[in-house]
2 protein chains.
Amino acid sequence: MKKAVETKERILEKAVEMASLFGLRDLTIGQLSTEVNLSKSGLYAHFDSKEQLQVEVLQKTASIFLEYVVQPALRQPRGLPRLVGLFEGWLNWSNQGVLPGGCVFVAATSEWDDRDGRVRDALVTIQKGWLAVIARAVELSKEQGHLRPDLDAEQVAFDVHGIMLSFHHQSRLLREDDARARAEESFASLLNRSQLVSESLRYQELLRNMRFTP
Amino acid sequence: MKKAVETKERILEKAVEMASLFGLRDLTIGQLSTEVNLSKSGLYAHFDSKEQLQVEVLQKTASIFLEYVVQPALRQPRGLPRLVGLFEGWLNWSNQGVLPGGCVFVAATSEWDDRDGRVRDALVTIQKGWLAVIARAVELSKEQGHLRPDLDAEQVAFDVHGIMLSFHHQSRLLREDDARARAEESFASLLNRSQLVSESLRYQELLRNMRFTP
């Protein structure tokens, strides 16, 4: 039993890597079986269909995302430091080799936005969850007096997500050297106009004082 | 000769539609030949490889984009009205049935950000061109006194593009009813903090006064 779980984990980790590089839609049980040195029938013992495999790859990616992005941010003090932690964690996630080919969710979004079914449903659930995590960090920042109490947290989450997507585009497709600097400038500017007390919580200062240990 | 050009145009229009729905990477000459009722060898008379077809699909999409988004905006007065025209034109483009499955460029970005070659090069050229068009509209807005003269136009283009990508995600994947309202709120807020004279150029007012005729 334990061995079966370990084998499945190993298969899923390889599948996440392949989805990051080549897309989730083109992931086949045949190719994957070659990569992990198992027979196709061996893989079917773990996943009863390609669709089931794709759903589990998304869930596995979400658990890696929790470990590398969300949990380190949750160890920052609540309020703005935590929001900054989520933002910086995502920049690292999408372009620093946690996944070899960039964010699986960004790629899967274009692959599934015109399709229905279980894969799309799983993706939507994960993406809504992520936007809710950002919005929650904004709410806590309001409670802590770090952000204006009248802010619409979902609107801020929309904006933060836009900066992330623009960063992903400029760093991965356009390979612009200053993509990260631009993303941080945009985020700082967003915080700046949202802040109750801007002088005491300067972005660069926050950044210097953070510990990024997963 | 004229007939060959017309046939090629008809093939490319169908190919753009298929790329919008199913992605550019999976577009095959075989499938396309079925859709346009021509033999595979008939298609090879127009495109010598799948790669050549993909490059021409991107170029054809760019020419449709020019017609539906860029040219109508260029008919607005230079300065902020033109910038607003580009923004609103893109929202219409990506989610109002010009293309049945959303923006071909957004989808192709995820498909090619880890690949090299002619398709990627064509995509990068088009995307850099689009960001330059936005940045140019910002520069003209500065010259017209509509935006602060010290603004970094490329930084504003980065932000505007992020709002567009966030809108694309929320409207197409998450199917949020308020995606457009959120995008316009974000853009208005970006303009508001960038404006020299904010009272005389209110966003909603601009919007009411615009004519969107392609």
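A quick note: this is a predicted structure, and the numbers were derived from the prediction, not measured.

Thresholds applied
- Residues numbered from 1 in each chain as written.
- Chains lettered and ligands numbered in written order.
- Predicted model: local features only at pLDDT ≥ 70, side-chain atom pairs only at ≥ 80, totals over all residues.
- Helix = DSSP H or I, 4+ residues; strand = E, 2+ residues; numbered from the N terminus.
- Contact = placed C-beta atoms within 7 Å.
- Axes fitted to C-alpha atoms, helices over the stretch in contact; angles between N-to-C directions.
- Parallel < 35°, antiparallel > 145°, perpendicular 65-115°, else oblique.
- Nonpolar A, V, L, I, M, F, W, Y, C, P; charged D, E, K, R; others polar.
- Left-handed = near helix turned anticlockwise from the far one by under 90°.
- pLDDT = per-residue confidence, 0-100.
- Least-squares fit on C-alpha atoms with pLDDT ≥ 70 in both.

## A few points about the environment of Val 160 of chain B
Residue and element names in this part refer to chain B.
And step 1. You can see Val 160 is positioned in helix H8 (residues 153–173).
And step 2. With 77 residues separating them along the chain, Val 160 and Leu 83 place their C-alpha atoms 9.9 Å apart.
And step 3. Setting aside anything within four residues of it in sequence, one finds Val 160 in contact with Phe 87, Ile 134 and Phe 187.

## Focus: the packing of helix H1 (residues 2–22) of chain A against helix H4 (residues 50–74) of chain A
All names here are of chain A.
And step 1. Packing of H1 against H4 brings their axes to within 9 Å, and their N-to-C directions diverge by 90°. In terms of orientation, H1 and H4 fall into the roughly perpendicular class. Of the residues in H4, those in contact with Leu 12, Ala 15, Val 16 and Ala 19 of H1 are Leu 53, Glu 56, Val 57, Lys 60, Thr 61 and Ile 64.
And step 2. Its residues assigned to classes, the contact of H1 with H4 shows seven nonpolar, one polar and two charged.

## Considerations on the packing of helix H5 (residues 80–95) of chain B against helix H7 (residues 118–143) of chain B
Residues and elements named next belong to chain B.
And step 1. Contact pair H5 / H7: the axes reach a minimum separation of 8 Å and the direction vectors enclose 155°. As summarised for this structure, H5 and H7 are arranged roughly antiparallel, according to the angle between their axes. Relative to H7, the crossing made by H5 is left-handed. For the pair formed by H5 and H7, the contact residues are Leu 80, Arg 82, Leu 83 and Leu 86 on the first element and Val 133, Ile 134, Ala 137, Val 138, Leu 140 and Ser 141 on the second.

## A short note on the confidence of the model for chain A
And step 1. Mean pLDDT over chain A stands at 87; residues scoring 70 or higher make up 90%.
And step 2. For residues 197–201 of chain A, every residue scores under 50 in pLDDT, and the model assigns this stretch five contacts once sequence neighbours within four places are set aside.

## Observations regarding the relation of the copies chain B and chain A
And step 1. Superposition of chain B onto chain A requires a rotation of 180° combined with a translation of 0.0 Å along the rotation axis, giving an RMSD of 0.0 Å. This pairing of chains is accounted for by a two-fold axis. Considering only C-alpha atoms, the part of chain B nearest the rotation axis is Gly 162 of chain B, at 2.1 Å.
And step 2. Looking at the interface residues of chain B, 100% of them are also at the interface in chain A, so both copies use one shared face.

## A few points about the interface of chain B and chain A
And step 1. With 31 residues of chain B at the interface, the matching set in chain A holds 31 residues.
And step 2. For the side of chain B that touches chain A, the elements supplying multiple residues, two or more each, are helix H6 (104–112), H7, H8 and helix H9 (179–194) of chain B.
And step 3. No other element matches the twelve residues that H8 of chain B contributes to the side of chain B that touches chain A.
And step 4. In terms of residue class, the side of chain B that touches chain A is built from nine nonpolar, 13 polar and nine charged.

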